[in-house]
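Each chain, written out:
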Amino acid sequence: MKGQPTETPSPASFAYGEYKAEDEQIESPAGHAVLTRPARVFTPEEEAKLYRKIDIRIMPILALLYLLSFMDRGNIGNARLNGLEKDLNMKGFDYNIALTASYCLFEVPANLMLKKLRPSIWLASITLVWGTVMTLMGVVQSYGGLVACRVALGVAESGLFPGVVLYLTFWYPRHMCQFRIALFFAAATLAGAFSGLLAYLIGKMQGVGGYSAWRWIFILEGLATIVAGVIAFWAICDLPSTASFLSEEERAWVIWRKRSDGSSVGEAEGISWKYILQAAGSWQVWLSTAYYISVVTPLYGVGLFLPTIIKSFGKFTTPQVQLLTVPVYAVACVWVVVSAKMADNRGKRYIFVLTNQIMCLIGFVINISPAPSGVKYFGLFLCASGSYGALPAVVTWLGNNLSGQAKRSVSVSSNIYIAANAPHYYIGHGVEIAMLTMGLFASTAYALLLKRENGKKEKEIAFQNSLPDHERRIYTVQELHDLGDKAPEFTYTI
């Protein structure tokens, strides 16, 4: 670092100055290294090859788990078309109530558990639990049993998505994350396509073993999840530091790249109430909640009600409806990956969040209008692509701008499509439009505030660098850890 103060600070001290991840060593003003680059330096080409190796090793099992998770939570829509409501004597709002599971209430404690336990143990365990619940859902004999299973399913599944997002931040620098999150989240769109195809095929099992087709949907998909959960115990690699598939040099480089990402002293890795309360009081967390809800609401609206919405067009049989869901999800899957790759290549988030929100908004406007059914079906492509494409961008955007792993850990749709509102679903589409409009304002405000904060940091750094060496502000390593993303050297991603 440039400049030596007249009074030598403690070895852990740190002053303003220029820092790059490629620097061989980042030193305190007293000359003591805070982070030291590994002896083996990877070229950009070698680094790209290294991260492809990591992708191949850790992404397939994550994508499989999320594919099964989304299939298991969304297959109730196809079960509904195969006699679920009739067999369990469901009426009125019963179906919508059954969809209400408190995922969000358990995401924070679930992520804290992932930090306390090994990722392979935690993620595999919750997979086994929800696979068991899904299988048992196929033998319920009453509406009350169905609701109980859905609540248990929500509790078990709630830890997967936030847990995997947190897990990926252990491996990848900030601007590599969205594409990786999109790769495993693309499995959610494939789940919609597979679910439609499987429901079409399983629908032919009506009466097999004395069970209705909807029961076989739950049983067979639940058993597949249990098998995947067992495999996950061995397939998930916990941390770069324990990755046996990497050489010692590769492990050292991955750890260096992650620790030096946005901070010259690394980030705080432990969990404490101080970091949790920092997250709870962060304006970023609360503002991002608004645009997160604006994306999640239409996402689950599509995921849970797409077959019902297509059925409301009044032109297709149940098997045709299930097959018509496949192209919608297939296009969304391609868009999720392509848009995420572009976002990571450019190191930008806001413009891609905004684009997806607008696409989704246009799709719901089309569906609430008196347009022909063919046009409305096209609108569903926009709804699915926009909502599924936005979530990786939204999650990554917040994760990019919070430093400290515990802080990243803390970060209606089921009751808006009512059978009595068929076939137009004005209330459901209207709520989606309102949510997306709120999200447009929230994401724009978030981007503007981040830009303002970056400007403040630039001015402060310029001011400090203009001072004589002995007057510059000196930070200890612990102070920089505590500041997290508020540290002067941390640049927010917009």
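Residues numbered from 1 in each chain as written. Predicted model: local features only at pLDDT ≥ 70, side-chain atom pairs only at ≥ 80, totals over all residues. Heavy atoms only, no water.

## A look at the overall build of the protein chain
Here is the rule we go by: Per the convention used, a helix needs a DSSP run of H or I reaching at least four residues, while a strand needs a run of E reaching at least two, with both numbered from the N terminus. A simple rule labels every residue: compare its accessible area, found with a 1.4 Å probe on the protein chains alone, to the largest value its type can have, and call it buried under 20%, exposed over 50%, or partly exposed in between. Using a 1.4 Å probe, the Shrake-Rupley method yields the accessible areas, and only the shown protein chains count as cover for residues.
When helices and strands are counted, the protein chain shows 18 helices and four strands. Relative to its full complement of 494 residues, the protein chain shows a buried share of 56%. Split by element, the accessible area of the protein chain, about 20,100 Å² in all, is 65% carbon and sulfur.

## Considerations on the packing of helix α1 (residues 44–81) against helix α5 (residues 119–137)
Using the following cut-off: Angles run from 0 to 180 degrees between N-to-C directions of axes, and those axes are lines fitted to C-alpha atoms, restricted for helices to the stretch in contact. For classification, angles of less than 35 degrees are called roughly parallel, those exceeding 145 degrees roughly antiparallel, those between 65 and 115 degrees roughly perpendicular, and all remaining angles oblique. Less than a right angle of anticlockwise turn of the near helix away from the far helix marks a crossing as left-handed, whereas a clockwise turn marks it as right-handed. For this analysis, residues touch if any pair of their heavy atoms sits within 4.5 Å. Amino acids are sorted into nonpolar (Ala, Val, Leu, Ile, Met, Phe, Trp, Tyr, Cys and Pro), charged (Asp, Glu, Lys and Arg) and polar (every other residue, Gly among them).
Two elements in contact, α1 and α5, have axes whose closest approach is 11 Å; the angle formed by their N-to-C orientations is 30°. As judged from the angle between their axes, α1 and α5 are roughly parallel. Seen along the crossing, α1 lies across α5 with a hand that is left-handed. From α1, Leu62, Leu65, Leu68, Ser69, Asp72 and Asn75 reach across to α5, where they touch Leu123, Thr127, Trp130 and Met134. Grouping the amino acids of the contact of α1 with α5 by side-chain chemistry returns six nonpolar, three polar and one charged.

## Things to note about unusual backbone geometry
Look at Asn89: it is not a glycine, yet its phi comes out positive at around 55°. Examined against the element boundaries, Asn89 turns out to sit in the loop between α2 (84–87) and α3 (94–99). Residue Asn89 is classed as exposed on the basis of its relative accessible area, which comes to 61%.

## Quick look at the nonpolar core
For clarity, the cut-off: Only buried residues count toward a nonpolar core, which is a set of Ala, Val, Leu, Ile, Met, Phe, Trp, Tyr and Cys residues joined through side-chain atoms within 4.5 Å.
Grouped together as the largest cluster of nonpolar side chains are 123 residues, with contacts concentrated most on Ile54, Leu168, Trp171, Tyr172, Phe184 and Tyr388. Sort the elements by how many residues they give to this core and α1 lands first, with 16 residues. In this structure Phe184 touches Met59, Leu62, Ala63, Tyr66, Phe161, Val164, Val165 and Leu168, once residues within four positions along its chain are discounted.

## What about the pattern of salt bridges?
Worth spelling out the cut-off: Each reported salt bridge corresponds to a side-chain nitrogen of Lys or Arg within 4 Å of a carboxyl oxygen of Asp or Glu.
Per the stated rule, a full pass over the model turns up nine salt bridges. Between Glu46 and Arg40 there is a salt bridge, and its shortest N-O distance comes to 3.2 Å. With a relative accessible area of 28%, Arg40 lands in the partly exposed category. Between Arg118 and Asp238 there is a salt bridge, with the nearest N and O atoms lying 3.0 Å from each other. With Arg118 in the loop between α4 (103–116) and α5 and Asp238 in the loop between α9 (213–235) and α10 (248–259), this pair connects stretches of sequence that are 120 residues apart. Look at Arg118 and you get partly exposed, because its relative accessible area is 47%. Each of Arg40, Glu46 and Glu249 takes part in a single network of salt bridges with overlapping partners.

## Topic: the confidence of the model for the protein chain
Where the model shows low pLDDT, its predicted coordinates should not be examined in detail. Put simply, the rule is: Values of pLDDT, which run from 0 to 100, indicate the predictor's confidence residue by residue.
A residue-level look at the protein chain finds 76% of positions with pLDDT of 70 or above and a mean pLDDT of 76. A low-confidence stretch, residues 263–273 (pLDDT under 50), is modelled with 38 contacts involving residues beyond four sequence positions or located in other chains. Confidence over residues 402–417 falls short of pLDDT 50; this stretch has 69 contacts with residues more than four positions distant or in other chains.

## Observations regarding the packing of aromatic side chains
The geometry of an aromatic ring pair is captured by two quantities: the separation of the ring centres and the angle between the planes. Selection criterion: The rule is short: rings of Phe, Tyr and Trp, with Trp giving its six-membered ring, pair when the centres are within 6.5 Å, and they are stacked under 30 degrees, edge-to-face over 60, tilted in between.
Applying the stated criterion to the full structure yields 12 aromatic pairs. Pairing Trp214 with Phe218 gives two aromatic rings, centres 5.8 Å apart and planes at 75°, and the pair type is edge-to-face. Pair noted here: Trp214 and Phe218 are both in helix α9, with a separation of four residues, about one helical turn. The same class applies to Trp214 as to Phe218, namely buried. Measuring from centroid to centroid gives 6.0 Å for Tyr329 and Tyr388, while their planes differ by 85°, and the two rings are edge-to-face. Of this pair, Tyr329 sits in helix α13 (residues 318–346) while Tyr388 sits in helix α15 (residues 373–400), and the two are 59 residues apart along the sequence. Residue classification places Tyr329 among the buried residues on the basis of a relative accessible area of 4%.

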